[in-house]
Amino acid sequence: MPLVTSREMFKKAYEGGYAIGAFNVNNMEIIQGIVEAAREEKAPLILQVSAGARKYARPIYLKKLVEAAVEDTGIPIVLHLDHGEDFEICKACIDDGFTSVMIDGSRLPFEENIALTRRVVEYAHERGVVVEGELGRLAGVEDNVKVSDREATFTDPDQALEFVERTGVDSLAVAIGTSHGAYKFKGEAYLDFERLKKITEKLPGFPLVLHGASSVLPEYVEICNRYGGNIPGAQGVPEDMLRKAASMGVCKINIDTDLRLAMTATIRRYFSENPSEFDPRKYLGEAREAIKKIVRHKMRNVLGCSGKI
Ligand SMILES: O=C(CO)COP(=O)(O)O
Ligand SMILES: O=C[C@H](O)COP(=O)(O)O
Ligand SMILES: [Zn+2]
Ligand SMILES: [Zn+2]
């Protein structure tokens, strides 16, 4: 099966009240860990590539690795651009064979976000590619710009409807209190489910996307810190909140930080317990296993997409 778009996946996910996991990829071990999990869970999958990932691995390497994953596993995989900041990067990815792109105009004034998103949608749809837009701003570090909690603005439900109608996007990332990275909440975790409900009511049947959805599992934070790391107070989105979001029109749930933490915790522990080992295959192999384990857990116990191929 070749790369697919998310159109059918989202339709089924919406109707079934579950979400598809969108996992960020940066190298071979991460890709292999994720796709092995998806294969064993029989789960549809979105692999997403950020501008930073393209810069790190170089576009052709990621593309070829994902192609290998598609050929090797035969599962439906979407190749998605995460947080495309301008028309040019979206065009480059579309021309390169991506089946989905995100144009992130959320930093722009409403009208400019609409104009930019509309332009990407026209280019993408002519080529059979789907587009995710974003309205509202997440707190935390995004696009290399620090957005303070104060400036973060949640998605307005009326604007969401107007945005979708005027741009023709296929899915919409909304801001309801999540943020990127490992420090999502200072006190108790809070997501604005009332707002999510209003957005869903304005856009019935329309797939929504939740960014910044890592749970920052205490187990991995603890291992990082025990073996020389220094990430005190890291906190993510509780998994039952993600389950709830998935039952309320959120069809795509973005996870990157949890994979980074699992990988780093595993490698830190390996180095500490095996000081004389220096074969990268040993520690990267364990890191790949850790990624597979956490992705299987997410699919089966949180997103609900296991067995949905
Ligand atoms: O939203 C994300 C990628 O677009 C990832 O969010 P996390 O930092 O919570 O993993
Ligand atoms: O949303 C951000 C993702 O976690 C990707 O992060 P990155 O830009 O460092 O690759
Ligand atoms: Zn954004
Ligand atoms: Zn994001």
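For the chain, an unreviewed UniProt entry supplies the name Fructose-bisphosphate aldolase and the organism Thermosediminibacter oceani. UniProt, in the comment section headed Sequence similarities (unreviewed entry), describes the chain in these words: "Belongs to the class II fructose-bisphosphate aldolase family." Quoted straight from UniProt, the Pathway (unreviewed entry) entry for the chain says "Carbohydrate degradation; glycolysis; D-glyceraldehyde 3-phosphate and glycerone phosphate from D-glucose: step 4/4."

1. Notes on the site of ligand 1
In the region of ligand 1, 15 residues are neighbours, and D82, K184, S214, D256 and T257 sit closest. In the model, an oxygen atom of ligand 1 is placed 2.8 Å from a nitrogen or oxygen of the G212 main chain. Between ligand 1 and the protein, one listed contact pairs an oxygen atom with a side-chain N or O atom of T257 at 2.6 Å. When ligand 1 sits alone it has 310 Å² of accessible area, and the protein chains cover 96% of it. Contributions of two or more residues to the shell around ligand 1 are made by β3 (77–84) and β10 (250–255). Counted by class, the shell around ligand 1 contains two nonpolar, 10 polar and three charged residues.

2. Here we look at the coordination of the zinc ion (ligand 4)
Surrounding the zinc ion (ligand 4) are the protein donor atoms H83 (NE2), H180 (NE2) and H211 (ND1), which sit 2.0 to 2.1 Å from the metal. Sequence spacing of the donors to the zinc ion (ligand 4): H-x96-H-x30-H. Of the two residues, H83 is situated in strand β3 and H180 in the loop between β8 (171–174) and α8 (193–202); the sequence distance between them amounts to 97 residues. We classify H83 as buried; its relative accessible area is 13%. Note on H180: relative accessible area 22%, which makes it partly exposed.

3. Focus: the site of ligand 2
Within the structure, ligand 2 sits among N24, S50, D82, H83, H180, D256 and R260. Residue D256 places a side-chain N or O atom 2.6 Å away from an oxygen atom belonging to ligand 2. Coverage of ligand 2 by the protein amounts to 68% of the 310 Å² it exposes when considered alone.

4. Overview of the UniProt feature "binding site: Zn(2+) 1" (unreviewed entry) in the chain
Summarizing the sequence annotation, UniProt attributes the feature "binding site: Zn(2+) 1" (unreviewed entry) to H83, H180 and H211 in the numbering used throughout. Considering the C-alpha atoms alone, the annotated residues occupy 129 residues of sequence yet fold into one spot, their largest mutual distance being 11.8 Å. Within polar-contact distance, the side chain of H83 engages the side chain of D104 at 2.8 Å. Exposure remark for H211: the relative accessible area of 1% places this residue in the buried category. Aside from chain neighbours lying at most four places away, what touches H211 is D82, H83, M102, E132, L138, A173, T178, H180 and N254. There is a polar contact of 2.7 Å between the side chain of H211 and the side chain of E132.

5. Looking at the environment of V25
Within the fold, V25 resides in the loop between β1 (20–24) and α2 (28–41). The class of V25 is buried, set by a relative accessible area of 0%. Sequence separation between V25 and I291 is 266 residues, and the spatial gap between their C-alpha atoms is 11 Å. Ignoring sequence-local partners within four residues, the contact set of V25 consists of I30, I31, I34, L47, Q48, V49, A53 and L62.

6. Quick notes on helix α11 (residues 257–273)
Residue pairs spaced three or four apart in an α-helix point in one direction, given the helix's 3.6 residues per turn. The terminal C-alpha atoms of α11 lie 24 Å apart, and with 17 residues this matches the ideal 24 Å at 1.5 Å per residue to within 8%. Among all positions of α11, only T257, D258, L259, L261, A262, M263, A265, T266, I267 and Y270 are buried. Buried-residue contacts for α11 involve β1, α2, α9 (218–226), β10 and α12 (280–303).

7. What about the packing of aromatic side chains?
By the definition in use, this model includes four aromatic pairs. On the numbers, 5.6 Å between centres and 80° between planes, the contact of F87 with Y123 is edge-to-face. Pair noted here: F87 is in helix α5 (residues 87–95) and Y123 is in helix α6 (residues 110–126), with a separation of 36 residues, a long-range link. Y123 shares its class with F87; the two are buried. Here the aromatic rings of F110 and F163 are separated by 6.5 Å at their centres, their planes lie at 40°, and the arrangement is tilted. Linking F110 in helix α6 with F163 in helix α7 (residues 157–167), this pair joins segments that are 53 residues apart in sequence. Per residue, the accessibility class of F110 equals that of F163, and both read buried.

What counts and how
Residues numbered from 1 in each chain as written. Chains lettered and ligands numbered in written order. Predicted model: local features only at pLDDT ≥ 70, side-chain atom pairs only at ≥ 80, totals over all residues. Heavy atoms only, no water. UniProt positions renumbered as here; feature names shortened; annotations may be inferred. Near = heavy atom within 4 Å. Polar contact = N/O pair within 3.5 Å; in protein donor to acceptor, adjacent residues only side chain to side chain. Areas by Shrake-Rupley, 256 points an atom, 1.4 Å probe, with all protein chains shown as cover. Helix = DSSP H or I, 4+ residues; strand = E, 2+ residues; numbered from the N terminus. Nonpolar A, V, L, I, M, F, W, Y, C, P; charged D, E, K, R; others polar. Donors = N, O, S within 2.8 Å, 3.2 Å for Na, K, Ca; no water. Buried < 20%, exposed > 50% of the residue type's maximum accessible area, 1.4 Å probe, protein only. Contact = heavy atoms within 4.5 Å. Expected span 1.5 Å × (residues − 1). Phe/Tyr/Trp six-rings, centres within 6.5 Å; stacked < 30°, edge-to-face > 60°.

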